[in-house]
Structure formats: C-alpha cells, structure tokens
Amino acid sequence: MTVRAVLGIRRWRRNPLCRATDRHETWVALAAMLLMLLAAPVLGWKTGSLTDGALQRTVRAQHAQRHLTAAVVVRAASGTSRYAQDPEAAVTEGSMRTSVVADWRAPDGTARTGIVSTASRETAPGTRIRIWTDERGHPVMRPMDTSTARTHAVLAGIGAALLAAGLTEIARRLVVWRMMQRRYARLDRAWAEVGPDWGRTGTGS
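Residues numbered from 1 in each chain as written. Predicted model: local features only at pLDDT ≥ 70, side-chain atom pairs only at ≥ 80, totals over all residues. Heavy atoms only, no water.

**Student:** Would you explain the overall build of the protein in this entry?
**Tutor:** The number of helices and strands found in the protein is 4 helices and 4 strands. The linear arrangement of helices and strands in the protein, starting from the amino end, is α-α-β-α-β-β-β-α. Taking all 205 residues of the protein together, the buried fraction comes to 31%. For the protein, restricting intrachain contacts to residue pairs at least 6 apart in sequence, the fraction spanning at least 24 positions comes to 69%. With an accessible surface of roughly 13900 Å², the protein has 59% of that area assigned to carbon and sulfur atoms. (Helix = DSSP H or I, 4+ residues; strand = E, 2+ residues; numbered from the N terminus. Buried < 20%, exposed > 50% of the residue type's maximum accessible area, 1.4 Å probe, protein only. Contact = heavy atoms within 4.5 Å. Areas by Shrake-Rupley, 256 points an atom, 1.4 Å probe, with all protein chains shown as cover.)

**Student:** Mind showing me how you'd approach the UniProt feature "transmembrane region" (unreviewed entry) in the protein here?
**Tutor:** Per the UniProt annotation, the sites labelled "transmembrane region" (unreviewed entry) are residues 153–175. Secondary structure content for residues 153–175 is 100% helix and 0% strand, while the C-alpha to C-alpha distance between its ends is 33 Å. (UniProt positions renumbered as here; feature names shortened; annotations may be inferred.)

**Student:** It is not clear to me how the environment of Trp45 should be interpreted in this structure. Could you clarify?
**Tutor:** Along the polypeptide, Trp45 turns up in helix α2 (residues 20–65). For the pair Trp45 and Gly157, spaced 112 residues apart in sequence, the C-alpha to C-alpha distance is 5.7 Å.

**Student:** How should I be thinking about the nonpolar core in this particular structure?
**Tutor:** In a soluble, globular protein the nonpolar side chains are often hidden away together inside. Formed by Ala71, Val73, Val100, Ala102, Trp104, Val116, Ile129 and Ile131, the largest nonpolar core amounts to 8 residues. Listing elements by their share of this core, those giving two or more residues are β1 (67–76), β2 (98–105) and β4 (128–133). Sort the elements by how many residues they give to this core and β2 lands first, with 3 residues. (Core = buried A, V, L, I, M, F, W, Y, C linked by side-chain atoms within 4.5 Å.)

**Student:** Just to check I follow, could you spell out the sheet that holds β2 for this structure?
**Tutor:** The pairing of strands in a sheet happens through backbone hydrogen bonds and is either parallel or antiparallel. One open sheet holds the 4 strands; their spatial order is β3-β2-β1-β4, and the pairing between them is antiparallel. Single-partner strands in this sheet number two, and they are β3 (111–118) and β4. For this sheet, the mean angle separating the axes of adjacent strands, direction not counted, is 50°. With 6 bridges connecting them, β1 and β4 associate as antiparallel partners. Bridging from a neighbouring strand, Ala70 pairs with Arg130 of β4. (Pairing = 2+ DSSP bridges. Axes fitted to C-alpha atoms, helices over the stretch in contact; angles between N-to-C directions.)

**Student:** Help me out: how do you make sense of the pairing of β2 in this one?
**Tutor:** Taken residue by residue, a regular strand's side chains alternate between the two faces of the sheet. By the bridge criterion, 5 bridges tie β1 to β2 in an arrangement that is antiparallel. By the bridge assignment for β2, Ala76 is matched with Val100. Counting the residues between successive antiparallel strands, the hairpin from β2 to β3 contains 5 residues, one of them, Gly109, with a positive phi of roughly 95°.

**Student:** Any chance you could explain a nonpolar patch on the surface here in plain terms?
**Tutor:** Where nonpolar side chains cluster on the molecular surface, the patch consists of Val154, Leu155, Ile158 and Leu162 and spans about 400 Å² of accessible area. Position of Ile158 relative to the elements: it lies in helix α4 (residues 146–194). The partly exposed category is assigned to Ile158, whose relative accessible area is 45%. (Patch = residues over 30% accessible without salt bridge, like charges linked within 9 Å, V, L, I, M, F, W, Y side chains within 5 Å. Salt bridge = Lys/Arg side-chain N within 4 Å of Asp/Glu carboxyl O.)

Laid out in structure tokens, this is it:
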C-alpha cells in the first residue's frame with residue numbers, strides 16, 4: 001500500500017488533471033502508513049519494554065517480601081476469603097480456590113490462625129497446605145511469576161501498537177474529511193459566482 005501511494009504521487013505530479021488536494025490526500029495517506037508501519041511498532045516495543053521492566057521489579061519485590069509457609073487445615077470456612085480470588089493463581093494453576101480456616105506460623109515464629117485460600121483438593125481437617133504470607137505472617141496472594149509478568153508486558157506492547165495505529169488512522173480520516181469539506185466549500189463558492197450566468201450568451205463561460 002505504501003508503494004502504491006509513492007507510485008501514485010509520482011504519477012499524479014505529472015498529471016495535469018491532478019488537483020492539489022489529491023496530492024495532499026496522498027501525502028497524508030503515505031504519512032499515516034509510515035506512522036503505522038514504523039512508529040506504532042516502535043511505540044509498542046517501548047511500552048512493552050517499560051512495562052516488563054516495571055513488572056519484573058514487582059516480581060522481585062513480591063518474592064522478597066512474601067514467604068511460602070506450611071499451614072494445617074482446621075475446618076472449612078463459611079464464605080469466601082478475600083484472597084480466594086487470586087488472578088495469578090487462576091492463570092497459572094487453572095484450579096478453583098477453596099477457603100479454609102488454618103493454623104500456621106509467621107516468619108518470626110508467632111502462631112497464626114485465620115481464613116486462607118488454597119488450590120489443594122484435600123481440605124480435610126489436619127491436612128497440610130502451602131500458603132503465602134507477608135513478613136508479618138498475614139496471608140497474601142501468591143507473588144507474580146516472571147512468565148506471567150512477561151505475558152502482561154507483551155500484551156501491553158501489542159495494545160499500545162494497535163492503539164497508536166488506530167489513532168493514526170482516525171487522524172488520517174479526520175484530516176481527509178476536513179480537506180474534502182474545504183474542497184466542497186470552494187466548489188460551492190465557485191458555483192455561486194458562475195452559476196447565475198451559466199449558459200448565457202456572452203458571459204465568457
């Protein structure tokens with residue numbers, strides 16, 4: 001399409017019937033195409049790279065601040081824990097989360113009891129499960145892993161590139177629409193000047 005636009009510009013420059021607005025529209029189309037082919041991918045790559053860097057720092061921070069701890073199930077919990085809906089667990093583990101009351105120990109050795117969520121199918125009293133806690137021993141969601149962070153970064157980059165391409169196309173259409181409006185306005189003015197004398201003898205038309 002870019003090649004066609006370039007060839008069209010070269011052909012129309014020598015065409016006496018080519019209007020200035022036709023050349024302008026072609027230049028606008030060529031500029032928009034170059035932006036979509038060059039600028040949009042670069043913007044997408046930059047966005048993905050920045051997002052990946054930020055998410056990887058988050059991954060390292062979460063793994064440093066969260067600890068995998070052994071807990072013992074006391075009984076089934078009535079209701080749903082606020083940690084049961086773990087989006088990262090849903091992506092990576094692909095299983096349902098069950099809320100239970102469990103006992104565990106904080107990193108400083110303090111005994112804790114509370115409602116936690118687990119992907120384990122065995123939730124009978126006395127069952128040992130693995131949970132994530134923060135530095136104070138409070139239950140938290142599992143930390144994000146590197147592959148999940150990279151997937152989010154790739155999706156962010158693709159989204160940014162598509163958004164940039166879409167906005168470029170919208171801008172091109174608006175510019176062309178405005179140029180057409182101006183062309184029609186000039187035609188209307190020219191017709192208003194010539195129209196009343198159209199076809200009359202001696203008017204020079």
